[in-house]
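Now for the letters of each chain:
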Amino acid sequence: MKNNSFKAKYWLPFFRVTIAVFSIIHILSFSRDYALFFSGNSFIQADVMDANLRGVAINLFDIHLLLSGTTLAADYYLLSKLAIGVYVFVLFCLAVGLFTRLSTILALLLQVVLLDSIHSFKYGADYFNTILLFYAVWAPLGKHFSIDNHLNFSFRNQVESALQRLFPANIILRIMQIHICIVYGFSGIEKMTGPNWQSGESIWRAVHNDSGFIDFSFFNQFLGSSFFWALAWVTMLLEALYPIMININFTRKFWLIGTIGMHISIVLILGLFHFAAIMIIFNLVTYFFPYVKDKPSQRSISSKQTFISLSNTTL
Amino acid sequence: MYNKIFWRLPVVILITLQLSSILIHALSSGYFTYQKYNNSHDHHPLMVYLSEIGQTKVIEIFGKISGTDCGYGFFAPNVRSNGILIVEGAGKKTTPLFQTHEAQLRFDGFVGDLINDIIPEKASSNQDSLTTKLQDRYNQLLLKNITLSTLQEQGIECDNASLTYAALNVPSIEESQLLSNAEIEVIPMRKLTFRKEINK
């Protein structure tokens, strides 16, 4: 498939809506525990958390210091909740495609600030949330099925067309594809270096870590067989061969199904729902929607037939 | 021609920065995780150089904004043991409690990370680098914060409190085959005690 034939009308709106909805769910999923993370009575005080940052990013504590003397400086929790509120609002704008580019930039900055404020509690899903929001900034996400399409601001249109010329959607998609291939390639190879992965012990440990949604004690009946060893090697090969197999037309769908299946298993075994969700979104955006084929419409078929019959007549 | 270069330059800069950041962080993270797992301090100069590049301001800031400042060796080279924090005060034993699964997950991840950084009391030696010792002091400060918050949150008032940091060790396949009743073992790794000033 040629570069310029990627179906932008499918992958761009899917990317925009899913990354926005995911980010909203992700930040609101622990709202009942915000006080333990973002308030003055949090588990780790904001100044202590800030002490371990190397000062390369602005977090809520820095903003709190900047606002000294104002009401917001007096109440760190209020500032945090305000930042989360604005973050959710810009994500909503992104989801519906309202001021898409600006909303995406604000969403990325707020996500980095909020998560850096609790950096000790960050995990894989947060990093991939940042990664996808970063790509969302460059991709023309408001191009299809957005409110922006119905607004006719000449200045915005000019800026948008210049940005689309500077950062073509196909090139952004290619970078995302290279990125996801590096992610799985490294993950598979690094696992292969671990003796516990080579022996299957890691799968055994994972299912017994008691973090998932299902009791996997029935797996004990496979003790003494090669079950755990085989499962470990399937996981490692699925990841390590991803960069090759996902780029071959024939094997792409099998690898996508396998990879998505692996992430669903991670939800069941380790309870990492958000991590699995963002990885599935990343997979679908990069290797499913760009390759969706249009069904030939009745009109185009009939016009083709007319063309053929006309040609025959001429001949 | 100059017009074409002008329009292509920004995307070329973006591609260069993005791919450099991804590769630098993925390579150095993977390598140093592997070295740490194997307890090796003999690092390849190229990887040390790469890690230094990753710590330059430009790459660090770019990595932070683009989310590429991390490695991709999920659960590699080993699925680690989960950790548990047990807070004791006024004769009561407790652990931090959360209302949401997501908050619990974040906290468990943090506790798991401490396993990699924590220095068991007896193992601490003069060979530890200044950075390691500083990180250990910082971790102690985090644990002190958590102890105080947990006691306050659960309304436990006391003069002395302690926090036991334990690893939950899943028996291996071999152990489980030999012993049918092998269960998850709680292995205390470190106990920190705090006096009354924590309530001030």
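Residues numbered from 1 in each chain as written. Chains lettered and ligands numbered in written order. Predicted model: local features only at pLDDT ≥ 70, side-chain atom pairs only at ≥ 80, totals over all residues.

1. Some remarks on the overall build of chain A
In terms of regular secondary structure, chain A is built from 17 helices and zero strands. Going through the 315 residues of chain A one by one, you find that 39% of them count as buried. Counting only contacts in chain A whose residues sit at least 6 apart along the sequence, the fraction spanning at least 24 positions is 76%. (Helix = DSSP H or I, 4+ residues; strand = E, 2+ residues; numbered from the N terminus. Buried ≥ 20, exposed ≤ 12 C-beta atoms within 10 Å, placed from the backbone. Contact = placed C-beta atoms within 7 Å.)

2. What to know about the nonpolar core
Counting 87 residues, the largest nonpolar core has Phe 15, Leu 132, Tyr 135, Ala 139 and Ile 278 of chain A as the members making the most contacts within it. The residues contacting Tyr 135 of chain A, other than those within four sequence positions of it, are Ile 172 and Met 176 of chain A. In terms of nonpolar packing, the next biggest core, distinct from the first, is built from 12 residues, Ile 203 and Ala 232 of chain A together with Val 79 and Ile 173 of chain B among them. (Core = buried A, V, L, I, M, F, W, Y, C linked by C-beta atoms within 7 Å.)

3. Section: the sheet that holds strand S2 (residues 92-94) of chain B
All names here are of chain B. Here four strands make up an open sheet; going across it, the order is S2-S1-S3-S4 and the pairing antiparallel. The open sheet terminates on both sides in strands that have one partner only, identified here as S2 and strand S4 (185-194). The mean angle between the axes of side-by-side strands here comes to 25°, regardless of whether they run parallel or antiparallel. Relative to strand S1 (residues 82-89), helix H5 (residues 130-153) is tilted by about 55°, and along the sheet it contacts S1, S2, strand S3 (161-169) and S4. (Pairing = 2+ DSSP bridges. Axes fitted to C-alpha atoms, helices over the stretch in contact; angles between N-to-C directions.)

4. Structural notes on the interface of chain A and chain B
At the interface, 54 residues of chain A touch 53 residues of chain B. Mapped by element, the contributors of at least two residues to the side of chain A that touches chain B are helix H8 (124-138), helix H9 (154-166), helix H10 (169-192), helix H11 (195-199) and helix H12 (201-207) of chain A. Top contributing element to the side of chain A that touches chain B by residue count: H10 of chain A, with 10 residues. Each residue belonging to the side of chain A that touches chain B can be placed in one class, and the counts come to 28 nonpolar, 19 polar and seven charged. (Nonpolar A, V, L, I, M, F, W, Y, C, P; charged D, E, K, R; others polar.)

5. Considerations on the pairing of S1 of chain B
Residue and element names in this part refer to chain B. With eight bridges connecting them, S1 and S3 associate as antiparallel partners. Bridge pairing links Val 87 to Leu 163 in S3. Relative to S2, S1 runs antiparallel, the two being bridged by three bridges. The residue of S2 that forms the bridge with Gly 89 is Lys 92. The antiparallel hairpin formed by S1 and S2 contains two residues in its connecting segment, where Ala 90 sits at a positive phi of about 50°.

6. Considerations on the packing of H10 of chain A against helix H13 (residues 227-240) of chain A
Residue and element names in this part refer to chain A. Between H10 and H13, whose axes approach to 7 Å, the crossing angle comes to 145°. Between H10 and H13 the crossing geometry is left-handed. Residues Tyr 184, Gly 185, Ser 187, Gly 188, Ile 189, Lys 191 and Met 192 of H10 lie in contact with H13, whose contacting residues are Met 236, Glu 239 and Ala 240. Class assignment for the residues of the contact of H10 with H13 results in five nonpolar, three polar and two charged. (Left-handed = near helix turned anticlockwise from the far one by under 90°.)

7. Overview of the confidence of the model for chain A
Residue and element names in this part refer to chain A. Per-residue confidence for chain A averages 85 on the pLDDT scale, and 88% of its residues sit at or above 70. When pLDDT is averaged over each helix and strand of chain A, the minimum, 45, is found for helix H17 (residues 298-314) and the maximum, 97, for helix H14 (residues 242-245). For residues 301-315, every residue scores under 50 in pLDDT, and the model assigns this stretch one contact once sequence neighbours within four places are set aside. (pLDDT = per-residue confidence, 0-100.)

8. Considering H13 of chain A
Look at H13 of chain A: 20 Å from first C-alpha to last across 14 residues, which is about the 20 Å you get at 1.5 Å a residue. Restricting attention to buried positions, one finds in H13 of chain A the residues Phe 228, Ala 232, Thr 235, Met 236 and Glu 239 of chain A. Down the axis of H13 of chain A, the buried set is contained in an arc of 95°. They therefore lie on one face. On its buried side, H13 of chain A packs onto H10, H11, H12, H14 and helix H15 (249-270) of chain A together with helix H6 (173-178) of chain B. (Expected span 1.5 Å × (residues − 1). Arc of directions from axis to C-beta.)

9. Description of H9 of chain A
In a regular helix each residue adds 1.5 Å, so 13 residues correspond to 18 Å; H9 of chain A covers 18 Å between its end C-alpha atoms and thus fits that length. Burial runs low along H9 of chain A: only zero of the 13 residues are buried.

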